[in-house]
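# Summary of structural features
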Amino acid sequence: MFTRIMVGFVLGIVCGLIMGPKASVFNFLGTILVRLLTMVVAPLVLCLLVCAAADVGDYKKLGKIGLKTVVIFLVSTGFAIVIGLLFAHLIGVGTGVVIQAQNASESAVEIPSALDTLINIIPNNPFEALSTQNLLQIIFFALFFGFALIKLGEKGQVVLGFFQGCTEAMKEITSIVLEFTPYGVFGLMANVVGINGLAILLPYMKTILAVYLASAIYTVLVQAGLMVGVCAHMSPLKFLKGVKEAAMFVFATCSSVATIPINLKCTKKLGVSDEIANFVIPFGAVMNMNGTAIYEAVAVIFTAQVYGIELTMMQQIMVMLTATLASIGTAGVPGSGLVMLTIVLSSVNLPMEAIGLLAGIDRILNMGRVIPNIVGDAATAVLVAKSEGVLQEAADIE
């Protein structure tokens, strides 16, 4: 699969360069892939988390695993923002750039209060949450349902068996869908490169360089080195080899959520138990946005420097806090970073027009920043499994 995705990715770029805008004729392949993946995500997350909650079988143990996971997510996101700010300053992402600001008022969204954000996690109707792909609400309901099955004991086993069967069925459907991935990746890349060309990268090269460098160093040093190597005592090289298939898939599709099935497979191959992986990976696809946090930090410095605004240390601390909290509710789908950027820019009163300036290269930036998202999910799963004493010897990784 890794080789086939790579072939589709490269051929898509070549096709886009040769055909130009006419390459958009292949966009239907990417649309089909996105629709197929979207089709399986909500029911897959629901079934996985219901089973994960019930399989733990102990309120206290589930609460302990959940608390560890959330703490690791928040701390690692804080590290990501610091690294993003550091690289943005070092490279000077907005210096020397003269850009006509576009009117981005249409991109602005109403910023919910912290209380509203918490309340909105609770679904009015779980079926509506499924139909609208509201993953935070799906996760809330799934965990509640799993709690109920634990409490019911033997009576809940029948229902649990149904969800376990549904989980296996969804995994099988996902495996069938993934066979189409190389063709969909070809269509996506041909369309993006064909419409925008390589010239789209030139005015924003510093910003792209900062996001990609910060993401790469964060992935290698913090996630593979510190989290996995130092804290979980696993070879960072073996870990990175283990997650390469998921990393390449998310790089091409820009969707953390769509990568859940592949990331689950990679994480379990690294020796993480089913109960830990089935809980952490779907949860992380929604909550753990390390790469997006790096992007937000770089985007804020880009905005401030382009408009000649000096950010105080307190304002940059505010960026860290806001980006960390906002990342909790950012869905792992393409384009969600722009909505999160609105929240972060508002926190330090920077011009919203920056959203319009960055929207043109959002896809390019997204491809780099999503890798730390899914690698962070796998690293967290390894670390939680190690802390629980259930990390097995990793399987042989080619």
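Residues numbered from 1 in each chain as written. Predicted model: local features only at pLDDT ≥ 70, side-chain atom pairs only at ≥ 80, totals over all residues. Heavy atoms only, no water.

In terms of regular secondary structure, the protein is built from 18 helices and zero strands. Taken across its 398 residues, the protein has 52% of its residues classed as buried. Put simply, 85% of the contacts in the protein that link residues at least 6 apart link residues at least 24 apart. Summed over its atoms, the accessible surface of the protein is roughly 17300 Å², and 68% of this surface lies on carbon and sulfur atoms. (Helix = DSSP H or I, 4+ residues; strand = E, 2+ residues; numbered from the N terminus. Buried < 20%, exposed > 50% of the residue type's maximum accessible area, 1.4 Å probe, protein only. Contact = heavy atoms within 4.5 Å. Areas by Shrake-Rupley, 256 points an atom, 1.4 Å probe, with all protein chains shown as cover.)

Evaluated as defined, the whole model comprises nine aromatic pairs. With a centroid separation of 5.2 Å and an interplanar angle of 65°, the aromatic rings of Phe-26 and Phe-186 are classed as edge-to-face. Of the two residues, Phe-26 is situated in the loop between α1 (2-19) and α2 (27-56) and Phe-186 in helix α8 (residues 181-196); the sequence distance between them amounts to 160 residues. A relative accessible area of 18% places Phe-186 in the buried class. Aromatic side chains Phe-279 and Phe-283 sit 5.6 Å apart centroid to centroid with 50° between the ring planes, which places their arrangement in the tilted category. With a gap of four residues between them, Phe-279 and Phe-283 both fall in helix α13 (residues 274-287), about one helical turn apart. Overall, Phe-279 belongs to the buried group, its relative accessible area being 4%. Clustering of aromatic rings is evident, with ring pairs tying together Phe-141, Phe-145, Phe-162 and Phe-163. Between Arg-369 and the ring centre of Tyr-295, over which it is positioned, the NZ or CZ distance is 4.0 Å. (Phe/Tyr/Trp six-rings, centres within 6.5 Å; stacked < 30°, edge-to-face > 60°. Lys NZ or Arg CZ within 6 Å of the ring centre and 35° of its normal.)

Together, Val-10, Val-14, Leu-17, Ile-18, Met-19 and Val-25 make up a nonpolar patch on the protein surface, roughly 530 Å² of accessible area in all. Along the chain, Val-14 falls in helix α1. Exposure remark for Val-14: the relative accessible area of 38% places this residue in the partly exposed category. (Patch = residues over 30% accessible without salt bridge, like charges linked within 9 Å, V, L, I, M, F, W, Y side chains within 5 Å. Salt bridge = Lys/Arg side-chain N within 4 Å of Asp/Glu carboxyl O.)

One can find Thr-77 in helix α3 (residues 59-91). Accessibility expressed as a relative area gives 2% for Thr-77, which makes it buried.

Here we come to the confidence of the model for the protein. Summing up the model confidence of the protein, the mean pLDDT is 80 and the portion of residues at 70 or higher is 83%. Taken element by element, the predicted model of the protein shows its lowest mean pLDDT in helix α16 (residues 336-347) (66) and its highest in helix α10 (residues 236-242) (94). Ignoring residues within four places in sequence, the model shows residues 98-111, a span with pLDDT below 50, making 22 contacts including any to other chains. Segment residues 329-335: pLDDT under 50, and 20 contacts once partners within four positions in sequence are set aside and those in other chains are kept. (pLDDT = per-residue confidence, 0-100.)

Let's shift gears to the nonpolar core. Ranked by size, the top nonpolar core spans 81 residues in total, and within it Phe-239, Ile-260, Phe-279 and Val-382 carry the most contacts. The element best represented in this core is α2, accounting for 16 residues. Among all residues touching Phe-279, those that are not within four sequence positions of it are Leu-49, Ala-52, Leu-62, Ile-65, Gly-66, Thr-69 and Leu-143. Residues Val-93, Val-300, Val-348 and Ile-361 belong to the second largest nonpolar core, which totals 39 residues. (Core = buried A, V, L, I, M, F, W, Y, C linked by side-chain atoms within 4.5 Å.)

What follows deals with the state of the cysteines. On inspection of all chains with the given rule, the structure shows zero disulfides. Cys-166 provides the cysteine sulfur closest to Cys-47, a residue in no disulfide bond, and the two sulfurs are 4.7 Å apart. A relative accessible area of 5% means that Cys-47 is categorised as buried. (Disulfide = S-S within 2.5 Å.)

Our next topic: the environment of Pro-236. Note on placement: Pro-236 falls in helix α10. Judged by relative accessible area, Pro-236 falls into the partly exposed class, the value being 32%. When the C-alpha positions of Pro-236 and Ala-379 are compared, they lie 9.9 Å apart, and in sequence the two are 143 residues distant. Not counting chain neighbours up to four residues away, the residues in contact with Pro-236 comprise Ala-224, Gly-225 and Gly-229.

Attention shifts here to unusual backbone geometry. A positive phi angle, near 55°, is found at His-233, a position not held by glycine. With respect to the element layout, His-233 can be found in the loop between α9 (205-231) and α10. With a relative accessible area of 61%, His-233 lands in the exposed category.

Before going further, it helps to spend a moment on the environment of Leu-240. Inspection of the secondary structure puts Leu-240 in helix α10. Assessed through its relative accessible area of 28%, Leu-240 is described here as partly exposed. On a C-alpha basis, the gap between Leu-240 and Gln-223 in space is 9.5 Å, while along the polypeptide they are 17 residues apart. In contact with Leu-240, not counting residues within four places along its chain, are Thr-219 and Ala-224.

To continue, consider the packing of helix α12 (residues 260-269) against α13. Interaxial distance between α12 and α13 falls to 10 Å at its minimum, and their mutual angle equals 145°. Two packed elements cross with a definite hand, and for α12 against α13 that hand is right-handed. Of the residues in α13, those in contact with Ile-260, Asn-263, Leu-264, Thr-267 and Lys-268 of α12 are Asp-274, Ala-277, Asn-278, Ile-281, Pro-282 and Ala-285. Broken down by class, the residue content of the contact of α12 with α13 amounts to six nonpolar, three polar and two charged. (Axes fitted to C-alpha atoms, helices over the stretch in contact; angles between N-to-C directions. Left-handed = near helix turned anticlockwise from the far one by under 90°. Nonpolar A, V, L, I, M, F, W, Y, C, P; charged D, E, K, R; others polar.)

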